Amino acid sequence: MSTEAPVTAIAHLIQLAVAPVFLLMGVAGLLGVLTNRLSRIVDRGRVLEVRLSTTAPEQTQELQDELVTLCRRSRLVSRAITLSVTCALLVCTVIVVLFLQAFLATNIRGVIALLFIAAMLVLIAALLTFLREIYLATASLRISSYGAGSEPRGRWGWRRCGP
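Student: So what's going on with a positive patch on the surface? Which residues, and what values?
Tutor: A grouping of Arg72, Arg75, Arg79 and Arg132 is seen on the molecular surface, where their side chains present a positively charged patch. Relative to the helices and strands, Arg75 resides in helix H2 (residues 60-104). Residue classification places Arg75 among the partly exposed residues on the basis of a relative accessible area of 46%.

Student: How would you sum up the state of the cysteines? Please name residues and give values.
Tutor: By the definition in use, this model includes 0 disulfides. With no disulfide of its own, Cys92 lies 9.5 Å from the sulfur of Cys87, the closest cysteine sulfur.

Student: Tell me about helix H3 (residues 109-139), and name the residues and values.
Tutor: Taking 1.5 Å as the rise per residue, H3 with 31 residues should run 45 Å; its terminal C-alpha atoms sit 45 Å apart, in good agreement. Among all positions of H3, only Ile112, Leu115, Ala119, Val122, Leu123, Ala126, Thr129, Phe130, Glu133, Leu136 and Ala137 are buried.

Student: Pulling in residues and values, what's your account of the packing of aromatic side chains?
Tutor: Evaluation of the coordinates by the stated rule reveals 1 aromatic pair. On the numbers, 6.4 Å between centres and 20° between planes, the contact of Phe99 with Phe103 is stacked. A residue pair is termed a helical-turn pair when its members lie 3 or 4 positions apart in one helix, as Phe99 and Phe103 do in helix H2 at 4 residues. The class of Phe103 is exposed, set by a relative accessible area of 56%.

The rules behind these values
- Residue numbers run consecutively from 1 along every chain, following the written order of its sequence.
- Residue-level local features of this predicted model are given only where pLDDT is at least 70; pairs of side-chain atoms are given and counted only at 80 or more, and the full residue set underlies all totals for whole chains, interfaces and linings.
- Excluded from the side-chain calculation are hydrogens and water; included are all heavy atoms of the structure.
- Each patch is built from residues that are more than 30% exposed by relative accessible area and take part in no salt bridge. Like charges join if they lie within 9 Å; nonpolar side chains (Val, Leu, Ile, Met, Phe, Trp, Tyr) join within 5 Å.
- Computed with the Shrake-Rupley method and a 1.4 Å probe, the accessible areas treat only the protein chains shown as cover for residues.
- Salt-bridge detection follows one rule: a side-chain nitrogen of Lys or Arg within 4 Å of a carboxyl oxygen of Asp or Glu.
- For the charge count, each Lys or Arg is scored as positive and each Asp or Glu as negative, with His and the chain ends excluded.
- Here the site of a charge means atom NZ of a Lys, CZ of an Arg, CG of an Asp or CD of a Glu.
- What counts as a helix is a DSSP run of H or I of at least four residues, what counts as a strand is a run of E of at least two, and both are numbered from the N terminus.
- Burial classes follow relative accessibility: with a 1.4 Å probe on protein chains only, a residue under 20% of its type's maximum area counts as buried, one over 50% as exposed, and anything between as partly exposed.
- A pair of sulfur atoms, both from cysteines and within 2.5 Å, is called a disulfide here.
- Each residue after the first adds 1.5 Å to the expected span of a helix.
- When two rings of Phe, Tyr or Trp (its six-membered ring) have centres within 6.5 Å they constitute a pair, described as stacked for plane angles under 30 degrees, edge-to-face for angles over 60, and tilted for the intermediate range.

This is the structure in structure tokens:
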């Protein structure tokens, strides 16, 4: 009977650690999305820099404006990545502290709660930063007006979307 109590306690501890692990998987998915966006921003910036070197001087302002927007977007995505990684580290720390509490027979529930609250606040900040980047991306979005019987708009056949 003495071996059942520790096994039951460890099983209960693993059950408690499962929820943060699911959260960790969600944060990992978010990191995948963010790194993909950052990669696309960097690739687009490289293309624009090459075009900028071969473009006529009267057309460079538009490319420079787009590069400035890409720079702002990359900073926002980088900040969201940093916040997401911080959240993941806090969640990992919650899991470690859960196990330490059980094995050291100490009562550090307050520490666990504070770490989890901090992880949620950092995740909220990461999502808000990501949302800002999305707003910036859609505000500078250009959609081709060719096709569907419409005539081109603007100098390049593009029309701006967003405010």
